[in-house]
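Structure at a glance
Given next are the chains, with one letter for each unit.
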Amino acid sequence: GAVVSQHPSWVICKSGTSVKIECRSLDFQATTMFWYRQFPKQSLMLMATSNEGSKATYEQGVEKDKFLINHASLTLSTLTVTSAHPEDSSFYICSASVGTGGTPYEQYFGPGTRLTVT
Amino acid sequence: SQELEQSPQSLIVQEGKNLTINCTSSKTLYGLYWYKQKYGEGLIFLMMLQKGGEEKSHEKITAKLDEKKQQSSLHITASQPSHAGIYLCGADYNTDKLIFGTGTRLQVFP
């Protein structure tokens, strides 16, 4: 159980275009979803936290107008990279949780999406 | 400065050898999570530690959280090529999110 999928697994886009990445919890309802970014040989950096039905909370330094997050349902969150540039090329990983915060809870991670902007 | 530091950054060991990865926090942990990641893939949950002095084992991997809840270690006994990957610790500081360590890249050669 507790499977999280991401689509697409990899995408190549031209500079200036927008790309949407989907994150789905397949067998559970996710109260909270997280979006991370990972550069080569580096750790995961949290970009934003989203709760179903409310606006995402972005980490300091993350442009909310560039990285649009929508958490429309308890099983789906999307990350849209708008007007992508080569520096946005990265590995994006989402995670989903049934926790409501305040106490430790497990996050279930998706397999990641590799974005390359040419 | 990084809240969560892992050491070493990379490790190359011969198959069959034991190894230890450390994760040190600059402040008290409410919980500490260990994950394994293969290059270009998602994270696989290994273990979660919450109590000071707690120790958990799964197959040949043992994780411990010190009494002060600021340091954790991950120990692999008799390493195998299947243990190769990136090991990440994640800290719960009671803020609804996980903060990840710098990661340790493990290679195991025959």
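Refer to the structure presented above.
Since the model is a prediction, treat every value here as computed from it, not as a measurement. (Residues numbered from 1 in each chain as written. Chains lettered and ligands numbered in written order. Predicted model: local features only at pLDDT ≥ 70, side-chain atom pairs only at ≥ 80, totals over all residues. Heavy atoms only, no water.)

All right, on to the overall build of chain B then. Within chain B, the regular secondary structure consists of zero helices and eleven strands. At 13 Å, chain B has a C-alpha radius of gyration in line with the 13 Å of a compact globule built from 110 residues. Counting only C-alpha atoms, chain B reaches 40 × 30 × 20 Å along its principal axes. The proportion of buried residues among the 110 residues of chain B is 45%. Here the contacts in chain B between residues at least 6 apart in sequence split such that 54% fall between residues at least 24 apart. For chain B, the computed accessible surface area is about 5400 Å², with 47% contributed by carbon and sulfur atoms. For chain B, the distance from the average position of its 12 positive side-chain charges to the average position of its 11 negative side-chain charges is 3 Å. (Helix = DSSP H or I, 4+ residues; strand = E, 2+ residues; numbered from the N terminus. Rg over C-alpha atoms; globule rule 2.2 N^0.38 Å. Buried < 20%, exposed > 50% of the residue type's maximum accessible area, 1.4 Å probe, protein only. Contact = heavy atoms within 4.5 Å. Areas by Shrake-Rupley, 256 points an atom, 1.4 Å probe, with all protein chains shown as cover. Lys, Arg positive; Asp, Glu negative; His and termini not counted. Charge placed at Lys NZ, Arg CZ, Asp CG, Glu CD.)

Quick look at the state of the cysteines now. Here, the word disulfide means a covalent bond between the sulfur atoms of two cysteines. Tallied over the entire structure, the rule returns two disulfides over all chains. In this model, cysteine 23 of chain A is linked to cysteine 94 of chain A through a disulfide, with the two sulfur atoms separated by 2.0 Å. Here the S-S torsion is close to 80°, and the disulfide linking cysteine 23 of chain A with cysteine 94 of chain A is therefore right-handed. With cysteine 23 of chain A in strand β3 (residues 19–25) and cysteine 94 of chain A in strand β9 (residues 90–97), this pair connects stretches of sequence that are 71 residues apart. For cysteine 23 of chain A, a relative accessible area of 0% corresponds to the buried category. In this model cysteine 23 of chain B forms its disulfide with cysteine 89 of chain B; the gap between the sulfur atoms is 2.0 Å. With the S-S dihedral at roughly 75°, the linkage between cysteine 23 of chain B and cysteine 89 of chain B falls on the right-handed side. Remark: cysteine 89 of chain B occurs in strand β9 (residues 85–92) and cysteine 23 of chain B occurs in strand β3 (residues 19–25); sequence separation between them is 66 residues. (Disulfide = S-S within 2.5 Å.)

This part covers the packing of aromatic side chains. Per the counting criterion, the structure on display carries ten aromatic pairs over all chains. Here the aromatic rings of phenylalanine 109 of chain A and tyrosine 35 of chain B are separated by 5.1 Å at their centres, their planes lie at 75°, and the arrangement is edge-to-face. With phenylalanine 109 of chain A in strand β10 (residues 107–109) and tyrosine 35 of chain B in strand β4 (residues 31–37), this residue pair bridges two chains. For the pair phenylalanine 109 of chain A and tyrosine 35 of chain B, a shared accessibility class is recorded, and that class is buried. When the ring centre of tyrosine 93 of chain B is taken as reference, the NZ or CZ atom of lysine 27 of chain B above it lies at 4.7 Å. (Phe/Tyr/Trp six-rings, centres within 6.5 Å; stacked < 30°, edge-to-face > 60°. Lys NZ or Arg CZ within 6 Å of the ring centre and 35° of its normal.)

If you walk through the whole model with that rule in mind, you get six salt bridges over all chains. Between lysine 97 of chain B and glutamate 59 of chain A there is a salt bridge; the shortest N-O distance is 2.9 Å. With lysine 97 of chain B in the loop between β9 and β10 (98–100) and glutamate 59 of chain A in the loop between β6 (57–58) and β7 (67–73), this pair bridges two chains. Classification of lysine 97 of chain B as partly exposed rests on a relative accessible area of 22%. Linking lysine 27 of chain B and glutamate 3 of chain B is a salt bridge whose minimum nitrogen-to-oxygen distance equals 2.9 Å. Taken together, the residues span a long stretch of sequence, with lysine 27 of chain B in the loop between β3 and β4 and glutamate 3 of chain B in the segment before β1 (4–7) at a distance of 24 residues. Among the residues examined, lysine 27 of chain B registers a relative accessible area of 37% and is labelled partly exposed. (Salt bridge = Lys/Arg side-chain N within 4 Å of Asp/Glu carboxyl O.)

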